[in-house]
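Summary of the model geometry
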Amino acid sequence: MNHLDQKVAEHYHKDGLFEEILTRLEKQNLDITQIKREDIASVDEFHVRGATVSKELAKTIPIEGKTILDMGSGIGGPCRMLADEYNCTATGIDLSPEFVRTANALSKLVGLEDKTFFVQGSAMDLPFEDNSFDVVWTQHVQMNIPDKNAFYSEAHRVLKPGGHFLYYDIFRKNDGNVLYPMPWASQEPMSFLIKNNEMAQIVEGLELKSISKQDQTTAGIDFFKSLLAKVKASGPPKLGLNVLMGDSTIPKLTNLLAHLEKGLLMLESGVYQK
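First things first, this report covers the structure right here in the doc. Keep in mind that what you see is a predicted model, and the values were worked out from it rather than measured. (Residues numbered from 1 in each chain as written. Predicted model: local features only at pLDDT ≥ 70, side-chain atom pairs only at ≥ 80, totals over all residues. Heavy atoms only, no water.)

With that settled, consider the overall build of the protein chain. Counting secondary structure elements, the protein chain contains ten helices and seven strands. In summary, the protein chain has a C-alpha radius of gyration of 18 Å against a globular reference of 19 Å for 274 residues, a match within 12%. Buried positions account for 53% of the 274 residues belonging to the protein chain. Once local pairs closer than 6 in sequence are excluded, the contacts in the protein chain between residues at least 24 apart make up 80%. Distance between charge centroids for the protein chain: 5 Å, based on 29 positive and 37 negative side chains. (Helix = DSSP H or I, 4+ residues; strand = E, 2+ residues; numbered from the N terminus. Rg over C-alpha atoms; globule rule 2.2 N^0.38 Å. Buried < 20%, exposed > 50% of the residue type's maximum accessible area, 1.4 Å probe, protein only. Contact = heavy atoms within 4.5 Å. Lys, Arg positive; Asp, Glu negative; His and termini not counted. Charge placed at Lys NZ, Arg CZ, Asp CG, Glu CD.)

A separate point is the sheet that holds strand S7 (residues 265–273). Across the sheet, seven strands lie side by side as S3-S2-S1-S4-S5-S7-S6; this open sheet has mixed pairing. The sheet terminates laterally at strand S3 (116–120) and strand S6 (209–215), the two strands that pair on one side only. Pairs of neighbouring strands in the sheet enclose a mean axial angle of 15°, with direction left out of account. Where strand S5 (residues 159–172) and S7 come together, nine bridges link them in antiparallel fashion. Note that in S7 the partner of Phe171 across the bridge is Met266. Against the sheet, helix H3 (residues 50–58) contacts strand S4 (133–139), S5 and S7, and its axis sits at roughly 150° relative to S4. (Pairing = 2+ DSSP bridges. Axes fitted to C-alpha atoms, helices over the stretch in contact; angles between N-to-C directions.)

Quick look at the pairing of S7 now. Of all the nine residues making up S7, eight are buried; the element is thus mostly covered by neighbouring parts of the structure. With six bridges joining them, S6 and S7 adopt antiparallel strand pairing. When the bridges of S7 are listed, Ser212 appears paired with Val271.

Here the focus is the pattern of salt bridges. Counted according to the given criterion, the structure contains 14 salt bridges. A salt bridge links Lys14 to Glu20; the shortest N-O distance between them is 3.1 Å. Arg37 is paired through a salt bridge with Glu85; the nearest N and O atoms lie 2.5 Å apart. Placement of the pair is Arg37 in the loop between helix H2 (17–27) and H3 and Glu85 in helix H4 (residues 77–86), with a sequence separation of 48 residues. Via salt bridges that share partners, Arg37, Lys55, Asp84 and Glu85 belong to a single interconnected network. (Salt bridge = Lys/Arg side-chain N within 4 Å of Asp/Glu carboxyl O.)

This part is about the packing of helix H6 (residues 148–158) against helix H7 (residues 196–205). Contact geometry for H6 and H7: axes closest at 10 Å, N-to-C directions at 45°. When the axis of H6 is compared with that of H7, the two are oblique. Between H6 and H7 the crossing geometry is right-handed. Residues Lys148, Asn149 and Tyr152 of H6 touch H7, and the partners they reach there are Met199, Ile202 and Val203. Looking at the contact of H6 with H7 residue by residue, the classes come out as four nonpolar, one polar and one charged. (Parallel < 35°, antiparallel > 145°, perpendicular 65-115°, else oblique. Left-handed = near helix turned anticlockwise from the far one by under 90°. Nonpolar A, V, L, I, M, F, W, Y, C, P; charged D, E, K, R; others polar.)

Of all ten residues that make up H4, eight are buried, and the element is covered over most of its length. In this structure, the buried residues of H4 make contact with H3, strand S1 (67–71), strand S2 (89–94), helix H5 (97–109), S3 and S4. Asn87 occupies a position one or two residues after H4 and carries a positive phi of about 55°.

For the rest of this paragraph, the subject is the nonpolar core. In terms of nonpolar packing, the biggest core is built from 64 residues, with Ile21 and Trp184 touching the most fellow members. By residue number, the principal contributor to this core is H5, which donates six residues. Residue contacts for Trp184: discarding those within four places in its chain leaves His11, Tyr12, Met143, Asn144, Ile170, Met190, Ser191, Leu193, Leu256 and Leu265. Within the second largest apolar cluster, 26 residues are counted, among which are Met71, Ile145, Tyr167 and Leu208. (Core = buried A, V, L, I, M, F, W, Y, C linked by side-chain atoms within 4.5 Å.)

Here's what the structure looks like:
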């Protein structure tokens, strides 16, 4: 693992993450032997709008029964959703050993260990053969990666001919100073923001065809406003993104909301086909 990858892994690392999730589930008087996927849905999708936007993304293509790769899979929520609701075989790769350990443990907890698989590794050097997956999926990952061409080239390489590349990401919209911390970076040296048209130029240069795009910024702003209002009124949720981000949750989310509202950053989802 190079120096930057190590820094990124450390940024997301939290000791005993799976055990903390178990403890929080027990405090809700849930039977640990009978945990369902919906019981952990509020914590297992580390991106704006969580499970809601993943389900929207899944509906953009015929995805039933496909083989999926999630590049930057976090603790595995999207993979479990795709395996459970669409009968997919889903593989996730993430830099963080603790995220990978937790992802595999959570899949076993909810009975999806035979359809979801998580490995530790770099999205810049995927340990998979060419043309391995029907769908490559990524959400809120490329902001930590300076070499965008290598990232998207790897996605293209492992995607089968005719397969789909699905993304949901944060992009720079206008020039201007971005203030940190953000959910993906405590400081600027870990952040590599580009504009959505720059991403499109790279991906289309790899001969991936654009199928659809959707500006998700307004939906993201509404989500953050609602979430922060609930936290102000009732305190942090018993099981939510605060488990992953700890004491820095509110400053990070508040910063991201402010930048979306000011038009410095934007959210976009989309589909390409090989």
